[in-house]
Structures are given as C-alpha cells and as structure tokens.
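# Results of the structural survey
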Amino acid sequence: MVESINEYMISLNHSYEKSYLSSDTICSSDQTYSALEHVHTPEFLNTIKCFGILNHALTLKVGVPVMLLRNIDQSTRLCNGTRLIITRLGNQVIEAKVLSGHMAGQKVFIPRMTLTPSDARIPFKFQRRQFPIAVSFAMTINKSQGQSLSHVGLFLKKPMFTHGQLYVALSRVTTRKGLKVLVYDDDGQISTEATNEVFKEVFQNLI
C-alpha cells in the first residue's frame, strides 16, 4: 500500500527519472556456497523481497523525499529513519538535503552499501549492494516512530493490527489541525470510526 502511494506521487513529478538496480550475490561464507551459486542465479536473487532488505530496483527523481534505512554516520545523525530530499542523482553516489534535525538544510552524499538480510525465512545467505534509502511520500506506521511532522495524512484501508499502533500514528503530528484521517470499514466503504487495538492482557498483572 505504501509503495503504491509512493509510485503514484513519483509519477506526478515530471523531472528526469533514474533507476538504480542492486547487485545481488550469494555470500561466499555460506557453507553451501558452491552448490547454491549455480541454483540461485543473480536473476533469482533480484526477485527476493522481504522485511529488512532493500529493494532490488530503486526509482528516483530530483525533489523526491526519501528516508535512510540504515545508519551511515551516527556522529552527523545520518541514521536509520532520517528524512532527506533528493537534489542530484549520480552514478556512484546520490546527493540529498537533510529535512530535519540539527543537520537540516545541509547536503550529504549517500553511497551504496552491501547488506546481508537477516530474515530467518531465507534458508541461505546472500548480500545485496544498493543505496540504503526508500521513497517516503508515504511510510508505514512503524517506520514513522520518532518522526515529528506538522502535517500527517493517515490512510487506514485496513484496520490496525498491533497494540498501540493507532496512538503511534496519531502522535506523529504536532497539532490537531495538521491531522487528516481516511478510514475504510470491512465492506470497503469510507467510515468515521477506527478500531484501536488494545491487548488487555498486558495490564492484568499490573499493580
């Protein structure tokens, strides 16, 4: 859902578009490397998409907001969750301007990084080299934690599924006037109510 919104927003930007493809390889440290390298081709590895791993294809335009997905330099607060806006698209690095924090307004360079996914569902080790960013016109509620925004649009096409998730979403905005919420019911119709998931079991043993 987040990706579909981001793709639509990018399509409204008519500036030059550049796509970056990752380089995926089986880790040579894997004990089954010699067998896997013939079975899991780069083309197959490119199709893997799961939590905690960068996308194989990344499409960007100048003026598009992005979010860092990994820590690059903690001393300058270039950490996971930092929001930036693209200012220049190079072949080896991407130039972007920081949007918030004490680094706001400063331009930084983002390099490609080689990362190994830790998802236990993948029965082998492989590494993906890609820019550690994602387009962030829209973001998941979990990814929004720690953000402080003047305007927030909350799109709830499906009900909440985690305890406290609605609170996290609503508390990102600094003023009530800056909040807009679009909620759908189980029949796919626009609703005026949203379910706040609360696990009462959490409070049973509290004194």
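Residues numbered from 1 in each chain as written. Predicted model: local features only at pLDDT ≥ 70, side-chain atom pairs only at ≥ 80, totals over all residues. Heavy atoms only, no water.

Further remarks concern the pairing of strand β5 (residues 83-89). Pairing geometry for strand β4 (residues 65-68) and β5, over three bridges, is antiparallel. If you follow valine 66 over to β5, its bridge partner there is leucine 84. Sheet topology places β5 next to strand β6 (residues 93-98); five bridges connect them, and they run antiparallel. Residue arginine 88 lies in a different strand from β6, and its bridge partner there is glutamate 95. (Pairing = 2+ DSSP bridges. Helix = DSSP H or I, 4+ residues; strand = E, 2+ residues; numbered from the N terminus.)

To continue, consider the sheet that holds strand β13 (residues 190-191). Reading across the sheet, the three strands line up as β11-β12-β13 and stay open at both edges, with mixed pairing between neighbours. Of all strands in the sheet, those with a lone pairing partner are β11 (152-156) and β13, marking the two edges. Taken together, the two bridges between strand β12 (residues 179-184) and β13 define a ladder with antiparallel strand orientation. What sits directly across from tyrosine 184, in β13, is isoleucine 190.

To continue, consider the side chain of lysine 18. For lysine 18, the position within the fold is in strand β1 (residues 17-21). Buried charge without a partner: lysine 18 forms no salt bridge, and the closest opposite charge is glutamate 17, 11 Å away. Reaching out from lysine 18, the side chain makes a polar contact with the side chain of asparagine 91 at a distance of 3.1 Å. Discounting chain neighbours no more than four positions away, the residues touching lysine 18 are Leu58, Thr59, Leu60, Leu89, Gly90 and Asn91. (Buried < 20%, exposed > 50% of the residue type's maximum accessible area, 1.4 Å probe, protein only. Lys, Arg positive; Asp, Glu negative; His and termini not counted. Salt bridge = Lys/Arg side-chain N within 4 Å of Asp/Glu carboxyl O. Polar contact = N/O pair within 3.5 Å; in protein donor to acceptor, adjacent residues only side chain to side chain. Contact = heavy atoms within 4.5 Å.)

Below, the discussion takes up the nonpolar core. Judged by nonpolar contacts, the single largest core of 20 residues is most densely connected at Leu60, Leu84, Ile86, Ile94 and Ile133. For this core, the secondary structure elements donating two or more residues are β3 (57-61), β4, β5, β6, β7 (107-111) and β10 (133-135). Filtering out sequence-adjacent residues up to four positions away, isoleucine 133 remains in contact with Leu58, Leu60, Val66, Met67, Leu68, Leu69, Ile86, Ile94 and Ile110. (Core = buried A, V, L, I, M, F, W, Y, C linked by side-chain atoms within 4.5 Å.)

Taking every second residue as pointing to the same face, the buried face of β11 carries Val152, Leu154 and Leu156, while none of Gly153 and Phe155 on the other face is buried. Pairing of β11 with β12 involves five bridges; the strand directions are parallel. Each residue of the ladder has a partner; that of leucine 154, found in β12, is valine 181.

A word on the layout of surface pockets. Taken as a whole, the second largest pocket spans an internal volume of roughly 330 Å³. Along the wall of the second largest pocket there are 19 residues; nearest its centre are Gly81, Thr82, Arg83, Ser100 and Gln147. Taken together, the residues that form the lining of the second largest pocket break down as six nonpolar, 11 polar and two charged. (1 Å grid on protein atoms, 1.4 Å probe; cavity = no way out; pocket = protein on both sides within 12 Å on 5 of 7 lines; lining within 4 Å. Points joined across faces, edges and corners; volume = space filled by probe spheres on them. Nonpolar A, V, L, I, M, F, W, Y, C, P; charged D, E, K, R; others polar.)

Turning our attention to the packing of aromatic side chains. Counted under the stated rule, the structure contains two aromatic pairs. Ring centres of tyrosine 20 and phenylalanine 131 lie 4.9 Å apart, and the angle between their planes is 75°; on these two criteria the pair is classed as edge-to-face. Taken as a pair, tyrosine 20 in strand β1 and phenylalanine 131 in the loop between β9 (126-130) and β10 lie far apart in primary sequence, 111 residues in all. With a centroid separation of 6.0 Å and 80° between ring planes, the pair formed by phenylalanine 155 and tyrosine 184 is classed as edge-to-face. You can see phenylalanine 155 sitting in strand β11 and its partner tyrosine 184 sitting in strand β12, a full 29 residues away along the chain. For tyrosine 184, a relative accessible area of 25% corresponds to the partly exposed category. (Phe/Tyr/Trp six-rings, centres within 6.5 Å; stacked < 30°, edge-to-face > 60°.)

A word on the sheet that holds β5. Spatially, β7-β6-β5-β4-β10 is the arrangement adopted by the five strands of the open sheet, whose pairing is antiparallel. In this open sheet, the two strands that pair with only one neighbour each are β7 and β10. Pairwise comparison of adjacent strand axes, ignoring direction, gives a mean angle of 45° for this sheet. Of the strand pairs in this sheet, β6 and β7 are connected by five bridges, and their pairing is antiparallel. By the bridge assignment, alanine 96 is partnered in β7 with valine 108. (Axes fitted to C-alpha atoms, helices over the stretch in contact; angles between N-to-C directions.)

Purely spatial values, then, with no claim about function.
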